[in-house]
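Each chain is listed here by its residues.
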Amino acid sequence: ARVVEADFFKFAEAFDFGYDYTFFCALHPTMRADWAAAWGRLIKPGGLLVTLIFPVDPPREDGPPFRVHPDMYTELLPAQGFEKVYLEKVPEELSHPK
């Protein structure tokens, strides 16, 4: 395994596995289609993309972080060849306890 630091939107090498946590929510909503297209280029056919969807609540339009919802991912990623394999909500008591 290796870690690569580069411009995500310009990087050209493909990987078997991608991990996205708090990246999608940091992007302005106008950049999200480009985010999905970049993942479509960066993950090899048959590869796996894991996304941790945060923050779902409370709804925010200003940011970052910007508002996200699982439906946003399922609207963008299938067009890039991805399919949802697994989705599970973290129980409230385990998610950023108050």
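Basis of the calculations
Along each chain, residues carry numbers from 1 onward, in the same order as the chain's sequence is written. Since the coordinates come from a predicted model, pLDDT governs what is reported: local features require at least 70, and pairs of side-chain atoms require 80 or more to be given and counted, while whole-chain, interface and lining totals use all residues. Only hydrogens and water are set aside; all other atoms, that is, all heavy atoms of the structure, feed into the side-chain values. In this description a helix means any DSSP run of H or I spanning at least four residues, a strand means any run of E spanning at least two, and both kinds are numbered starting from the N terminus. Any residue under 20% of the maximum accessible area for its type is buried, any over 50% is exposed, and the rest in between are partly exposed; the area is computed with a 1.4 Å probe on protein chains only.

*Asks:* Whenever I open this one, unusual backbone geometry confuses me. Can you help?
*Replies:* Trans is the prevailing form of peptide bonds, just as negative phi is the prevailing case for residues other than glycine. Of the consecutive residues Gly63 and Pro64, the connecting peptide bond is found in the cis state with omega at 10 degrees. By secondary structure assignment, the location of Pro64 is in the loop between β2 (43-52) and α2 (70-76). A cis geometry characterises the amide bond from Pro64 onward to Pro65, with omega recorded as -5 degrees. Structurally, Pro65 is set in the loop between β2 and α2. Here Thr22, not a glycine, exhibits a phi torsion of approximately 60 degrees, which is positive. Relative to the elements of secondary structure, Thr22 occurs in the loop between β1 (15-21) and α1 (32-42). Under the relative-accessibility criterion, Thr22 is labelled partly exposed at 33%.

*Asks:* Hey, could you run me through the environment of Arg2 in this one?
*Replies:* Tracing the backbone shows Arg2 in the segment before β1. Overall, the relative accessible area of 52% leaves Arg2 in the exposed class.

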